[in-house]
Amino acid sequence: MTCPQKGPSLAKRSAPDAVVVLGLGRFGKSLALELMAQGAEVMGVDASDTVVQKIAHRLTHAVVADTTDEESLRQLSVHEFDRAVVGIGSDLEASLLTASALINMGVTNVWAKAISNSHARILTQIGVHHVVRPEHDMGKRVAHLVRGRMIDFIEFDDGFAMVKTTAPAFATGCSLGQSTIRTDYGVTVVAIKRPGEGFTYATAETILHPGDTIIVSGKVRDTERFADLA
């Protein structure tokens, strides 16, 4: 087993800023490096020596190991991490076996990448706490932006979303408390940005002006309908 590393060992990793990323392909590598940039301690694990060697100097710890082998993961003290991410996508069997090993070891917060609905469903069934579909989610987000009426779009669970858009003309000139945005469109203006200024929280006394950028929250269909008015 080759273990290129930088910095101290990550044994006994119960600290909230430590994460183990298993699978260092495009998604896993990008995630691991972003976690490092945010100040987390990251141990990356991948079966490819070439992959590990390329990224070892950029992570706290990088290891070549079979992520599907629970005993190998225990030897790396992966079971002592509170948070683990399975970045394996294209190899369905490796993804499921790796996730299953983490669940069996009692890791309390397991994230895993899925590449299809069935993949996501199986990961959920074996006990993965958080399943993400980055390509699918990004596709949905970009589809909203391509329509040209939204500046940004974020969808959460249960059909709830936040949208960054331009204040529609009918909503300008009066306070939010006096407007009928919430009753007529089912959305709430949560923040506002004047040209040349930063975002501030919106209140009942906030008055929208032409050219203002706003963030509204509500059900997806309601936020879409409201953004169409911009």
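Residues numbered from 1 in each chain as written. Predicted model: local features only at pLDDT ≥ 70, side-chain atom pairs only at ≥ 80, totals over all residues. Heavy atoms only, no water.

Give me the lowdown on the confidence of the model for the protein chain, citing residues and values where you can.
For the protein chain, mean pLDDT is 88; residues scoring 70 or higher make up 92% of the total. Scored below 50 in pLDDT, residues 1–14 makes 41 contacts in the model with residues more than four places away or belonging to other chains. (pLDDT = per-residue confidence, 0-100. Contact = heavy atoms within 4.5 Å.)

Summarise unusual backbone geometry; cite the residues concerned and give the values.
Of note, the phi angle at Ser 77 is positive, near 65°, even though the residue is not glycine. Judged by its relative accessible area of 15%, Ser 77 falls in the buried class. (Buried < 20%, exposed > 50% of the residue type's maximum accessible area, 1.4 Å probe, protein only.)

Describe the sheet that holds strand 7 (residues 152–155), with residues and values.
Hydrogen bonds between backbone groups are what pair the strands of a sheet, and the pairing can be parallel or antiparallel. Taken together, the five strands give an open sheet; going across it, the order is 7-8-11-9-10, and neighbouring strands pair in antiparallel fashion. In the strand order of this sheet, the two ends are held by strand 7 and strand 10 (199–201), each with one partner. Neighbouring strand axes in the sheet, compared pairwise and without regard to direction, differ in orientation by 20° on average. Alignment of strand 9 (residues 188–193) against strand 11 (residues 213–219), held across five bridges, turns out to be antiparallel. Within strand 11, the position partnered with Thr 188 by the bridge is Ser 217. (Pairing = 2+ DSSP bridges. Helix = DSSP H or I, 4+ residues; strand = E, 2+ residues; numbered from the N terminus. Axes fitted to C-alpha atoms, helices over the stretch in contact; angles between N-to-C directions.)

Describe the side chain of Ser 179, listing the residues and the values that go with them.
Mapped onto the elements, Ser 179 comes out in the loop between strand 8 (160–166) and helix 7 (181–185). In terms of polar contacts, Ser 179 uses its side chain to reach the backbone carbonyl oxygen of Leu 176, at 2.9 Å. (Polar contact = N/O pair within 3.5 Å; in protein donor to acceptor, adjacent residues only side chain to side chain.)

Let's hear about the nonpolar core: which residues, and what values?
Counting residues in hydrophobic clusters, the biggest one holds 27 residues, and the most contacted among them are Val 20, Met 43, Val 78 and Leu 102. Counting only elements with at least two residues in this core, the list comes to strand 1 (18–22), strand 2 (41–46), strand 4 (83–86), helix 4 (92–104), strand 5 (109–113) and helix 5 (117–125). By residue number, the principal contributor to this core is helix 4, which donates five residues. Every residue in contact with Val 78, bar those within four places of it in the chain, is listed here: Val 20, Met 43, Leu 73, Leu 102, Met 105 and Val 107. Counting residues in hydrophobic clusters, the runner-up holds 19 residues, among them Val 163, Ala 171, Val 187 and Leu 208. (Core = buried A, V, L, I, M, F, W, Y, C linked by side-chain atoms within 4.5 Å.)

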